[in-house]
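If you want the building blocks of each chain, they are given just below.
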Amino acid sequence: MKSDYPLPPGLMKRENFVSAWPGRIQRLDTVSSTQEEAKRLAENGAPEGTAVMAEEQTGGRGRMGRKWHSPRGKGIWMSLVLRPELPLSLTPQLTLLAGVAVCTAIRTVTGVPAGIKWPNDLLAGGRKICGILLESSFREGGLHYCIAGIGIAVNLTEEDYPDELKTVGTSLLIEGGGIPVDRMRLAAAVLTELEYLYTLYIAHGFQPIKVLWESMSVTLGRQVSVNSSRGRTEAVAVGLDEGGGLMLRSSSTGEITSVLSGEIELI
Ligand code: BTN
């Protein structure tokens, strides 16, 4: 399956894009977490686009303080240094951008029809195939750097999952009918998509990313249960607002509100 870009005319086309990130890609064997390695590099001045990939993580981290299962040689466990000049309030847009990039790369390289669950989980066959963790560091009141952590379950088999993940997690191998995926080819596609979308974002703002995200979403039009700082509510997800928050229409009152962070369950 080829992913198409429903972008307004006048924007730089994907095929005209030339990579310009100065950062290098570091391949490591076993690390605690690629997030920590990338942070260390960023603190030491590593330029934008510096990426750290590991064969295995012994202390892989997910959102909300969860552990991230990262067995040896089975996935893409990667963290990328970004240095955008953005106000803090806009960093959630980068998470959505990363989701679009990974979703596009997965569809293009493997043909697995992945979709995005807000804010940034990628699902295939109703189960999670990828998670994204964006962490930001601040200096002198401004954004210093962001680390975009990407975990893709590439060649895991059912046996590679601990019991508690067997029903919620899946892999590209499982969803692709048992065909192993070349991890390096997929990682290269993810980095190229990310750089292209990031360049588009810096030049044209969030609008093109919003259009792409909405076209790849498995959340919109669905009844969802939302856990946010305001408690738990049920609503229909109707779109992204201009900031990247999820717009919800309350099932009881019909009122439209947005959530910027939190977790949702598809009902
Ligand atoms: C989530 O869905 O909870 C986010 C998971 C993010 C996992 C990736 S794997 C590479 C990077 N290193 C980590 O420790 N976490 C991220």
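Residues numbered from 1 in each chain as written. Predicted model: local features only at pLDDT ≥ 70, side-chain atom pairs only at ≥ 80, totals over all residues. Heavy atoms only, no water.

Trainee: I would appreciate a short explanation of the packing of aromatic side chains in the present structure.
Mentor: Between two aromatic rings, the relevant description is the distance of the centres plus the angle of the planes. Following the criterion strictly, the structure yields two aromatic pairs and no others. Ring centres of Trp 21 and Tyr 198 lie 5.7 Å apart, and the angle between their planes is 55°; on these two criteria the pair is classed as tilted. In this pair, Trp 21 is assigned in the segment before strand E1 (25-31) and Tyr 198 in helix H4 (residues 183-204), connecting sequence segments 177 residues apart. (Phe/Tyr/Trp six-rings, centres within 6.5 Å; stacked < 30°, edge-to-face > 60°. Helix = DSSP H or I, 4+ residues; strand = E, 2+ residues; numbered from the N terminus.)

Trainee: Any chance you could explain the sheet that holds strand E9 (residues 231-240) here in plain terms?
Mentor: Whether parallel or antiparallel, the strands of a sheet pair through hydrogen bonds between backbone atoms. Taken in spatial order, the five strands of this open sheet run E11-E10-E9-E8-E12, and their pairing is antiparallel. Of all strands in the sheet, those with a lone pairing partner are strand E11 (256-259) and strand E12 (263-266), marking the two edges. Between one strand axis and the next, the sheet turns by 45° as a mean value, whatever way the strands run. As paired elements, strand E10 (residues 246-250) and E11 share four bridges and run antiparallel to each other. Residue Arg 249 lies in a different strand from E11, and its bridge partner there is Ile 256. (Pairing = 2+ DSSP bridges. Axes fitted to C-alpha atoms, helices over the stretch in contact; angles between N-to-C directions.)

Trainee: Explain the domain arrangement of the chain here, please?
Mentor: Interfaces are frequently sized by the accessible area removed from exposure as the parts join. One can read the domain layout of the chain as domain 1 (14-216) and domain 2 (223-266). Between the C-alpha centres of domain 1 and domain 2 the distance comes to 24 Å. Between domain 1 and domain 2, roughly 1200 Å² of surface is buried when both sides are summed, and carbon and sulfur atoms account for 61% of that area. Considering only the side of domain 1, the residues that lose the most area to domain 2 are Lys 117, Trp 118 and Lys 210, jointly responsible for 46% of the buried surface there. At the junction of domain 1 and domain 2, the tally comes to two salt bridges. Between Glu 263 and Arg 66 there is a salt bridge, and its shortest N-O distance comes to 2.9 Å. Inspection of the region where domain 1 meets domain 2 yields seven residue pairs in polar contact (both at pLDDT 80 or more). Listed by contribution, the elements that provide at least two residues to the side of domain 1 that touches domain 2 are helix H2 (91-110) and helix H5 (207-216). Among the elements that line the side of domain 1 that touches domain 2, the one with the most residues is H5, at four residues. Counted by class, the side of domain 1 that touches domain 2 contains eight nonpolar, two polar and five charged residues. (Domains from an automatic or database assignment. Buried area = accessible area lost by both parts, 1.4 Å probe. Salt bridge = Lys/Arg side-chain N within 4 Å of Asp/Glu carboxyl O. Polar contact = N/O pair within 3.5 Å; in protein donor to acceptor, adjacent residues only side chain to side chain. Nonpolar A, V, L, I, M, F, W, Y, C, P; charged D, E, K, R; others polar.)

Trainee: Looking at this structure, how should I read the sheet that holds E1?
Mentor: As summarised here, the arrangement of the seven strands in space is E1-E2-E3-E7-E6-E5-E4, forming an open sheet in which the pairing is mixed. In the strand order of this sheet, the two ends are held by E1 and strand E4 (115-117), each with one partner. Ignoring strand direction, the axes of neighbouring strands in this sheet form an average angle of 25°. Relative to strand E6 (residues 127-139), strand E5 (residues 121-124) runs antiparallel, the two being bridged by three bridges. Bridging across to E6, Ala 124 finds its partner in Arg 127. Running at roughly 150° to strand E7 (residues 142-153), helix H1 (residues 34-43) makes contact with E1, strand E2 (51-57), strand E3 (75-82), E6 and E7 of the sheet. Of the strands in this sheet, E1, E2, E3 and E7 are in contact with H4, which crosses E3 at around 30°. (Contact = heavy atoms within 4.5 Å.)

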